[in-house]
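# Report on the structure
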2 protein chains.
Amino acid sequence: MTIRIKDVAAAAGVSVATVSRVLGNGPVSDAVRKKVEAAIEASGYRPNLSARRLRSQHTQTIGLIVSDIRNPFFTNVSRAVEDAAYEAGMRVILCNTDENPDKEAMYLRLMQEERVTGVIFAPTRQTAETLDPAGLGFPVVLIDRAGPSGLNDAVVLDNAQAAELLVEHLLEQGCRRIGGLFGKTSTTGAERHAGFVAALARRGLPAPARFLAPSLEAAEAEVARWLAEPDRPEALIASNGLVLMGVLKAARRAGVAVPDELAVAGFDNDAWTELAGPGLTVLEQPVYEIGRTAMAMLLERLARPGQVARKVVLSGRLVVRGSTRREALPVG
Amino acid sequence: MTIRIKDVAAAAGVSVATVSRVLGNGPVSDAVRKKVEAAIEASGYRPNLSARRLRSQHTQTIGLIVSDIRNPFFTNVSRAVEDAAYEAGMRVILCNTDENPDKEAMYLRLMQEERVTGVIFAPTRQTAETLDPAGLGFPVVLIDRAGPSGLNDAVVLDNAQAAELLVEHLLEQGCRRIGGLFGKTSTTGAERHAGFVAALARRGLPAPARFLAPSLEAAEAEVARWLAEPDRPEALIASNGLVLMGVLKAARRAGVAVPDELAVAGFDNDAWTELAGPGLTVLEQPVYEIGRTAMAMLLERLARPGQVARKVVLSGRLVVRGSTRREALPVG
DNA sequence: ATGAAAGCGCTAACAT
DNA sequence: ATGTTAGCGCTTTCAT
């Protein structure tokens, strides 16, 4: 049926070992290499990667486990990871967990069965805390959310600092009743919440916060409720791009003007944030770089397995736009 | 080193075949099954999928080849495909081609080496025209862009009709100088262009169009140039979500007000289109459904290989928002 | 530089 | 219902 290496060998008049060497750039004389390559070309032979992986014990596969590829942060990270992976001759298996610990466990198990070379993983808080990298059989680089103290390699944003930057900016604009919306299952959410609380506490201000599932729908519903309350906030900080969208949709539905009646700021400088409403003030993460860094760390870890775990902390950049502009805000 | 099936067999006091049967839900007595499952649990055994695939000749893997996962259309399609695939016990390999025919060929070749069960593919026009599904060794379902007459299964939008809907709407709003921006390498672009031309021709109107690479940057640059020309259009139709973003960015940079000085409409009803500017008029594709339909067609094709190729054509829905609102437009 | 042969871990005949 | 065994297609010793 399908052409195997022995068919190519027979056609070229050499042994299967020689064909294998041609395929793997092993030591073969030029004359023989030519003959073999011609036979491969003529037959349309395609090596069977399952067989190669089984025999060589190298799968050249990495797993990328995120909560939802539709979250713009992960969309961009995934593209960066795939670019870097294919450049390094690796393929990527992408998994969406929806922040569901059961799915996380299932996919981690799948990664073991695939005998992946390594995994890049954005875990929920729950999983991050209990993750034992030793028992998995492959190295893990955490992204977006770091696990507990130095057990895993990780590349993350300085989330507390980032949240503080946003709060400071709103304070400078004269806002006082500043509310925050954070993911309830992520470490990211917890860290950003901590920065949010710290920055407001320094001024002796309250830090009203809501925790929610990281989806557009959940955010929109939560914000709609919040805006209907008597002492609604004059500014809102959204912990990720999806939640930020939800804030804007809810404000629009409720007829609350941005920034006149509500200042809005959030995370992730996606293209649309420049175009929405008066332009959205956001904290930009170096998204593509996070993906490539994670991949690079994974490759380094594979090269030096004994090396101590490293955590790369990247800083965000505040991008000020109209959604928090002072002149339009209710001051005092 | 790692635990193999024979280790589990030895621990449970049975043969490897019995363990394999337990794994595959074969006929095994309850008592033995219990014993084996206990041994699996105790040892932390994980089946080696490469070995299983090699032996069984079933990879349970499908390939998803798109131009760029960051294109919101493909982001959503990919999520739908992955959901459906994992439900069917299949893995997905995602590939980004950037509409580069060389990359397309490379990934198609990779799919052969993976011995994938099937592929869902959004090809460039060039590749779509020359694609020989017979020679590939696996079934292909095309999405977004159909190939030539009935050679491949495909699920597509009625692109010409969709473009006509947008044009008709703009005509109703009183626009006359309507420009179009289309992907230069995609069949989608060509089909949408055809509908665009047809709708305008019926009114005896010119149909100025520009063809470009499907990226945010290319669109922004092209539109910036166009808006600077003397007889610039009073309305612009963008052939996909990325290009639509580019139109808006360019208009904003050039200080051209939407919709007062320029009406804007485009494809893909992403969340952000509701929030950008006055809200964007878009043609909504049933995105998630396209992904699931493609997966379903692939599974059907696998079940009935001889079946004649089918093309599922889905209709888009016009979503009217502020970016084309009549009262604000320069009439005549 | 090349070939012969073993075996990666598993499933599927075939036997019992 | 369970065991024995061959072999999926390849890479990798070990010879020569």
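In the nomenclature of an unreviewed UniProt entry, chain A is known as LacI family transcriptional regulator of Crenobacter luteus.

Let's shift gears to the pattern of salt bridges. Considering all chains together, one arrives at 52 salt bridges over all chains under this definition. Here aspartate 98 of chain A makes a salt bridge to lysine 103 of chain A, at a shortest N to O gap of 2.9 Å. Given a relative accessible area of 35%, aspartate 98 of chain A falls into the partly exposed group. Arginine 253 of chain B is the salt-bridge partner of glutamate 274 of chain A, the closest N and O atoms lying 3.0 Å from each other. Of this pair, glutamate 274 of chain A sits in helix 12 (residues 271-275) while arginine 253 of chain B sits in helix 11 (residues 241-254), each in a different chain. Residue class for glutamate 274 of chain A comes out buried when judged on its relative accessible area of 14%. You can call arginine 253 of chain B exposed: its relative accessible area is 58%. Within the structure, one salt-bridge network assembled from shared partners comprises Arg53, Arg91 and Glu114 of chain A together with Arg53, Arg91 and Glu114 of chain B.

Turning next to the interface of chain A and chain B. On the chain B side, the residues contacting the 50 residues of chain A number 50 residues. Interface area for chain A against chain B, summed over the two sides, is near 4700 Å², with a carbon-plus-sulfur share of 51%. It is Arg46, Arg79 and Leu275 of chain A that lose the most area in chain A upon contact with chain B, and together they represent 17% of the buried surface on that side. Applying the counting rule to chain A against chain B returns 12 salt bridges. Applying the counting criterion to the chain A and chain B interface returns 31 residue pairs in polar contact (both at pLDDT 80 or more). Where the side of chain A that touches chain B is concerned, the elements lending two or more residues are helix 4 (49-56), helix 5 (72-87), strand 2 (91-96), helix 6 (101-114), helix 11 (241-254) and helix 12 of chain A. The greatest single-element share of the side of chain A that touches chain B, amounting to 7 residues, is contributed by helix 6 of chain A. In the side of chain A that touches chain B, the residues fall into 22 nonpolar, 11 polar and 17 charged.

The next thing to look at is the protein's contact with DNA strand C. Neighbouring DNA strand C are 23 residues; Thr18, Arg21 and Arg55 of chain A together with Ile5 and Tyr45 of chain B lie closest to it. Put simply, 60% of the atoms of DNA strand C that lie within 4 Å of the protein are in sugar or phosphate. One of the side-chain N or O atoms of serine 20 of chain B is found 2.7 Å from a phosphate oxygen in DNA strand C. The contact in question runs from a phosphate oxygen of DNA strand C to an N or O atom on the side chain of arginine 52 of chain B, over 2.7 Å.

Rules used in this analysis
- Residues numbered from 1 in each chain as written.
- Chains lettered and ligands numbered in written order.
- Predicted model: local features only at pLDDT ≥ 70, side-chain atom pairs only at ≥ 80, totals over all residues.
- Heavy atoms only, no water.
- Salt bridge = Lys/Arg side-chain N within 4 Å of Asp/Glu carboxyl O.
- Buried < 20%, exposed > 50% of the residue type's maximum accessible area, 1.4 Å probe, protein only.
- Helix = DSSP H or I, 4+ residues; strand = E, 2+ residues; numbered from the N terminus.
- Contact = heavy atoms within 4.5 Å.
- Buried area = accessible area lost by both parts, 1.4 Å probe.
- Polar contact = N/O pair within 3.5 Å; in protein donor to acceptor, adjacent residues only side chain to side chain.
- Nonpolar A, V, L, I, M, F, W, Y, C, P; charged D, E, K, R; others polar.
- Near = heavy atom within 4 Å.

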